[in-house]
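Secondary and tertiary structure notes
Residues per chain are reported as follows:
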Amino acid sequence: MSTSSVSKGCFVFKPSAKKKKKTTLSLEDHFMRGCEDAENSEIRFRLCHNLWDKIKTDTEALQDKLNRNILDSLLDFTRKCSSTRRHSDWASHMRASEIPTAALVLGVNVPDHDMTFQSLSDLLQQSVTPHVASVQAKECGALKHLMKRVLERLMDTVVDDEEEEEAEQTSAQLNTSVHCSLSTLCAWYNTNAKKSNAGTPGKKRSSAVRDDPQQPPVVIIFKDLEAFNPKVLQDFILICSRYIERLPLMFIFGIATSPSTIQHMLPHSVTSLLCIELFQSLSCTQHLATVIDKLILTPQFPFKLNGKVMQVLISIFLYHDFSVRNFIKGIQLALLEHFHSQPLSVLCCKKKAALLNVMQLGHQDLERVRQLQSFKRYAEKQEAQEQVHLLTDDTHLKEVCQKLIKDLRKYHKNYYPTLRCLHTLTSSLPRYPLGKQIRELHLICLEKNIWENEDYQSAMKLLKMLARDQLIALLQRCEETLQSAKSKKMKSALVQLGDMLARFKQLDTGAAEPPPSVEDSITSPVKNLQKKTDLFQLQKALLEMNESRRSKKLSPFEVLRNEALEFIDGLVKSHLSPPESQTLNEVCYYTSSATVRRHLNATPRTSIQAALNSPIHYLQNERLKTEDGVISNAAPDICIVYKLHLECGRLINLYDWLEAYATVVSAAEGNEPDSDDFGKVDDVKHARFIRAVSELEFLGFIKSTKQKTDHVARLSWGGC
């Protein structure tokens, strides 16, 4: 039966929310692709993965430890604000009419904030209140979006992706003006507060939450306050202030810049509704110093970075984002690249495992050992017979490699305590000749022999000028540093340093007076200086003063001071040689700073220009291979248009550009140059050209101009 009318409609079909099977390659698949020496690639991946996980867990634990003080302060503030509502005195009543607000200043290292807020949210839910919601500016562009996100996360209405119909129904309920309001939240809170306070099955709650008869607060965390729309934030605070008597609300503002941001974003009529307390976290540079101290300057991790790679990572940290999290990602990237590209990285593991892996090396791996620059230097220093055995006898080479691996481990066990000892002495000197941070001293030691550095020599001279109490205090700190060392040489050095400190304590407090004859010999050239102004006589007098100082008898303190500094100098020369001087250092040290910089410090403009200029680099199509300066007619339209625009001046005539494009495309279509259709512009070519020009304009290579009709202005100059 036919109908008398036809209805047309537009229907939206959402894609299935069911999880699709992942088609992306795993980390192991990426590691295996193009991996050198596939024989031991599985062992290398396992070692790399274990170190990767250890770095991740250790840094997370370290971050939690560093944030512990500020998080504990926030928890105390939350408990205090919650208990204030129970008091009935006038001051507490006035405070209860305001919304308690914690202004948490975290610094400009925004990528690290997520970890801090996650830890804060977990601690709040475990020990204070189960009602915690975190929101970001990018998901709260309007007031209704902000209100919806808060309700969803507090009322736990977000369901799994597989339950599509239930999710749609819940979303439809929240989007209505009746349900998406704080009155709905108040009703829900009154219904569930007692149940939440008693404890939820399956969740561990502390006794402080279970025993507190007061209803738990509702905490809303604004992760990035500066990015929020001020009007949205003002309206939300005004609405919340009307429900403060019915709902125990509390705000936490995540601030990256300065606390004055609150005054800049919110007028006084709004800030007067907030009871704000300021919390300041540790600076990102302090976080970085602790991470380097616990993660890099330790023999516990066999994987190491050379000076250039360290400098690249620190430079990116200081001049780009101040993110400790990205710094850790840089270390993990270097770790992955090292185990992927270095077949001998199978020896980069703990001592016992490394010694076992040495005995499992094949002939090809041993040949790689013989090709290492550090091993070549080692072999050249041996006798002729030993050199023959090293180059021909694989069994003997394995035994030697075991000894060299042990020596490399001993080097690291002696290097780091000596480095800390030297930093203890020099970091308190004026103008910090060897750097204020230990990482600066470490970079100097990685590059060359530090005792040949002029700054080191200046530092040793300054140490000789220190007062007695200052020098003894620094040596005592060195003694404390060496106490944690476990190597035999460091334990022996600790005993010697302890003996010197005991001798310092035995010295008499009074300084010995120099003999009169020596004083006269010192002061007489000074008197001569006051009388004579001749250059020759002046030089002679200065030489006499220098000789008199040399002949002066040193006091017992000066003798012992020189002995102590010579002892420190001996430790430095024995244990702070650069890693490149150690045999088989290539096994543990990653040296490709260019690779790290290319991955972490990307240059989008260069990549875009390279893709447009040489599409074969990315598309891997042999038809696109051309000589320099030649435009391939098989290239994508945007590449053809880009190369043609490089031949133009500041202003480009669109018609001439279109004709040149049509000529190139006609050659790609196989048209004969002598035919009438060759280079002719049809509707299809015209449309393709317009699309390519629009894409170039979107990328920022050209822009429209009013100087000439049918012209565009070129914005970029020079190649990639």
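Conventions used here
Starting afresh in each chain, residues are numbered from 1 along the sequence in its written order. Only residues with pLDDT of 70 or above have their local features reported here, since the model is predicted, and side-chain atom pairs are shown and tallied only from 80 upward, although totals for entire chains, interfaces and linings are computed over all residues. Side-chain calculation: all heavy atoms of the structure are included, whereas hydrogens and water are not. Note on conventions: DSSP H or I runs of at least 4 residues are helices, E runs of at least 2 residues are strands, and numbering of each starts at the N terminus. The cut-offs for exposure are 20% and 50% of the maximum accessible area for each residue type, with area from a 1.4 Å probe on protein chains only; residues under the lower value are buried, those over the upper are exposed, and the others partly exposed. Any pair of residues with heavy atoms lying within 4.5 Å of one another is described as a contacting pair. Here the accessible surface of atoms and residues is derived via Shrake-Rupley with a 1.4 Å probe, and residues count as covered only by protein chains that are part of the display. Interaxial angles span 0 to 180 degrees and are taken between N-to-C directions of axes, which are lines fitted to C-alpha atoms, for helices over the stretch in contact. Our angle categories are set so that under 35 degrees counts as roughly parallel, over 145 as roughly antiparallel, 65 to 115 as roughly perpendicular, and the remainder as oblique. Think of it as three bins: nonpolar holds Ala, Val, Leu, Ile, Met, Phe, Trp, Tyr, Cys and Pro, charged holds Asp, Glu, Lys and Arg, and polar takes everything else, Gly as well. Each patch is built from salt-bridge-free residues with over 30% relative accessible area, joining like charges within 9 Å and nonpolar side chains (Val, Leu, Ile, Met, Phe, Trp, Tyr) within 5 Å. The rule for a salt bridge is simple: a side-chain nitrogen of Lys or Arg has to be within 4 Å of a carboxyl oxygen of Asp or Glu. Cavity means a closed set of points on a 1 Å grid over the protein atoms alone, one where a 1.4 Å probe fits but cannot get out, pocket means an open set with protein on both sides within 12 Å along at least 5 of 7 lines, and lining means a residue has an atom within 4 Å of a point. Grid points are joined across faces, edges and corners, and a volume is the space filled by probe spheres set on the points. Pairs of strands are assigned from DSSP output, requiring at least two bridges between the strands. Note on handedness: a clockwise path from strand one over the helix to strand two, with the strands aimed away from the viewer, defines a right-handed crossover. Buried Ala, Val, Leu, Ile, Met, Phe, Trp, Tyr and Cys residues that are joined via side-chain atoms within 4.5 Å together make up what is termed a nonpolar core. Confidence per residue, as judged by the predictor, is encoded in pLDDT with a range of 0 to 100. Under the convention used throughout, the expected extent of a helix is 1.5 Å for every residue step, that is, one less than its residue count. Polar contacts, as counted here, are pairs of nitrogen or oxygen atoms within 3.5 Å of one another; within protein the pair requires one atom able to donate a hydrogen and one able to accept it, and residues that are adjacent in sequence qualify only if both atoms are side-chain atoms. With the far helix as reference, a near helix turned anticlockwise by less than a right angle produces a left-handed crossing, and one turned clockwise produces a right-handed crossing. Neither His nor the chain ends contribute to the count of charged residues, in which Lys and Arg are positive and Asp and Glu negative. Lysine's charge is taken at NZ, arginine's at CZ, aspartate's at CG and glutamate's at CD. In this analysis, rings of Phe, Tyr and Trp, with Trp reduced to its six-membered ring, are considered paired at centre separations within 6.5 Å, and the interplanar angle assigns stacked below 30 degrees, edge-to-face beyond 60, and tilted for intermediate values.

Turning our eyes to something else, we now look at the overall build of the chain. When its secondary structure is counted, the chain shows 33 helices and 10 strands. Per-residue burial for the chain yields a buried fraction of 43% across its 720 residues. Excluding contacts between residues fewer than 6 apart, the proportion of contacts in the chain whose partners are at least 24 apart in sequence is 73%. For the chain, the accessible area works out to roughly 40900 Å², and carbon and sulfur atoms hold 51% of it.

Our focus in this paragraph is the packing of helix α19 (residues 384-392) against helix α20 (residues 394-426). The geometry of a pair of packed helices is captured by two quantities: the angle between their axes and the separation between those axes. Interhelical geometry of α19 versus α20 gives an angle of 100 degrees and a closest axis separation of 6 Å. Taken together, the axes of α19 and α20 are roughly perpendicular relative to one another. Touching E386, H389, L390 and T392 of α19 are D394, H396, L397 and V400, all from α20. Here the contact of α19 with α20 is composed, by residue class, of three nonpolar, three polar and two charged.

What follows is about a nonpolar patch on the surface. On the surface, a nonpolar cluster with roughly 310 Å² of combined accessible area is contributed by I608, F698 and L699. Of note, I608 is situated in helix α29 (residues 604-613).

This part covers the pattern of salt bridges. Inspection of every chain in the model, using the stated rule, returns 16 salt bridges. For the salt bridge of R153 with E139, the shortest nitrogen-to-oxygen distance reads 2.6 Å. Here the residue R153 occupies a position in helix α6 (residues 143-155), and E139 occupies one in the loop between β2 (132-135) and α6, the gap between them amounting to 14 residues. Judged by its relative accessible area of 33%, R153 falls in the partly exposed class. Between D569 and K573 there is a salt bridge, with the nearest N and O atoms lying 3.2 Å from each other. Separated by four residues within a single helix, D569 and K573 lie in helix α27 (residues 556-575), roughly one turn from each other. Classification of D569 by relative accessible area gives buried; the value is 18%. Overlapping salt bridges, with partners in common, bring together K148, R149 and E152 in one network.

Turning to the layout of surface pockets, a few remarks are in order. In this structure, the largest pocket spans a volume of roughly 720 Å³. Lining the largest pocket are 24 residues; nearest its centre among them are T298, P299, Q300, K413 and K486. Among the elements of the structure, α13 (284-296) and α20 are those that each provide at least two residues to the lining of the largest pocket. When residues in the lining of the largest pocket are grouped by element, the largest group, six residues, is from α20.

Now for the pairing of strand β3 (residues 218-222). Judged by how many residues are buried, β3 sits mostly within the fold: five of five residues are covered. The two faces of β3 match: V218, I220 and F222 on one face and V219 and I221 on the other face are all buried. Direction of pairing for β3 relative to strand β4 (residues 249-255): parallel, over a ladder of five bridges. Across the sheet, V218 pairs through a bridge with L249, a residue of β4. You can see the chain leave β3, run along helix α10 (residues 230-241) and come back into β4, and the turn it takes is right-handed.

To continue, consider the nonpolar core. L305, F327, I331, I450 and F504 are the most contacted members of the largest nonpolar core, which totals 103 residues. Ranked by residues supplied to this core, first place goes to α20 with 13 residues. Not counting residues up to four positions away in its chain, the partners in contact with F504 are R468, L471, I472, L475, F557, L560, R561 and A564. Core analysis: the second largest hydrophobic core is formed by 41 residues, V218, L233, I237 and F251 among them.

Moving on, we come to the confidence of the model for the chain. Per-residue confidence for the chain gives a mean pLDDT of 82; residues scoring 70 or more make up 79%. Mean pLDDT values over the elements of the chain span from 41, in helix α9 (residues 207-211), up to 95, in strand β7 (residues 589-590). Overall, residues 17-24 carries pLDDT values under 50, and its contacts beyond four positions in sequence, including any with other chains, amount to two contacts. Predicted confidence is poor over residues 510-530, with pLDDT under 50, and the contacts of this stretch with residues over four places away or in other chains come to 14 contacts.

To continue, consider the sheet that holds strand β9 (residues 702-704). Overall, antiparallel pairing links the three strands, which are arranged β8-β10-β9 in an open sheet. Every other strand in the sheet has two partners, leaving β8 (651-653) and β9 as the edge strands with one partner each. Within the sheet, the average angular offset between the axes of one strand and its neighbour, ignoring direction, is 40 degrees. Here three bridges tie β9 to strand β10 (residues 711-714), and the two strands are oriented antiparallel to one another. Of the residues in β10, the one forming a bridge with S704 is V712.

Relative to the 16 Å expected for 12 residues at 1.5 Å per residue, α10 spans 16 Å between its end C-alpha atoms, a close match to the ideal helical length. Taken together, the buried positions of α10 are occupied by V232, L233, Q234, F236, I237, C240 and S241. Backbone nitrogen of K231 and a side-chain oxygen of the N-cap are separated by 3.1 Å at the start of α10; the cap is N229.

Here we take up the side chain of Q234. Tracing the backbone shows Q234 in helix α10. What Q234 contacts, discounting residues up to four positions off in sequence, is M265, L266, P267 and V270.

Another aspect to go through is the packing of helix α2 (residues 41-66) against α13. In the contact formed by α2 and α13, the axes pass within 11 Å of each other and the chain directions differ by 135 degrees. By the criterion of interaxial angle, the relationship of α2 to α13 is oblique. For the pair α2 and α13, the crossing hand works out as right-handed. Contacts between α2 and α13 involve I55, T59, L62, Q63 and L66 from the former and H287, T290, V291, K294 and L295 from the latter. Across the contact of α2 with α13, the residue classes break down as five nonpolar, four polar and one charged.

Before going further, it helps to spend a moment on a positive patch on the surface. A contiguous patch of positive charge on the surface is contributed by K351, K352, K406, K410, K413, K486, K488, K489 and K491. At the level of secondary structure, the elements contributing two or more residues to the positive patch comprise α16 (351-359), α20 and α24 (488-506). With respect to the helices and strands, K413 occurs in helix α20.

Looking now at the sheet that holds β2. Two orientations exist for strands paired in a sheet by backbone hydrogen bonds: parallel and antiparallel. The five strands are arranged β2-β3-β4-β1-β5 in an open sheet whose pairing can be described as parallel. Here the strands that pair on one side only, and so sit at the sheet edges, are β2 and β5 (274-280). Averaged over all adjacent pairs, the angle separating strand axes in this sheet is 20 degrees, with direction ignored. Lying over the sheet, helix α5 (residues 113-127) contacts β1 (99-105), β2, β3 and β4, oriented at roughly 180 degrees with respect to β3.

Enumeration according to the criterion identifies 15 aromatic pairs in this entry. Between F222 and F253, the ring centres sit 5.4 Å apart and the planes meet at 70 degrees, which makes this aromatic pair edge-to-face. Of this pair, F222 sits in strand β3 while F253 sits in strand β4, placing them 31 residues apart in sequence. Of the two residues, F222 and F253, neither departs from the other in class, the shared state being buried.

For the rest of this paragraph, the subject is the environment of L699. Examined against the element boundaries, L699 turns out to sit in helix α33 (residues 683-699). A sequence separation of 94 residues divides L699 from R605, and the C-alpha atoms of the two residues are 9.4 Å apart. Apart from the residues lying within four places of it in its own chain, the contact partners of L699 are I608, L612 and I638.

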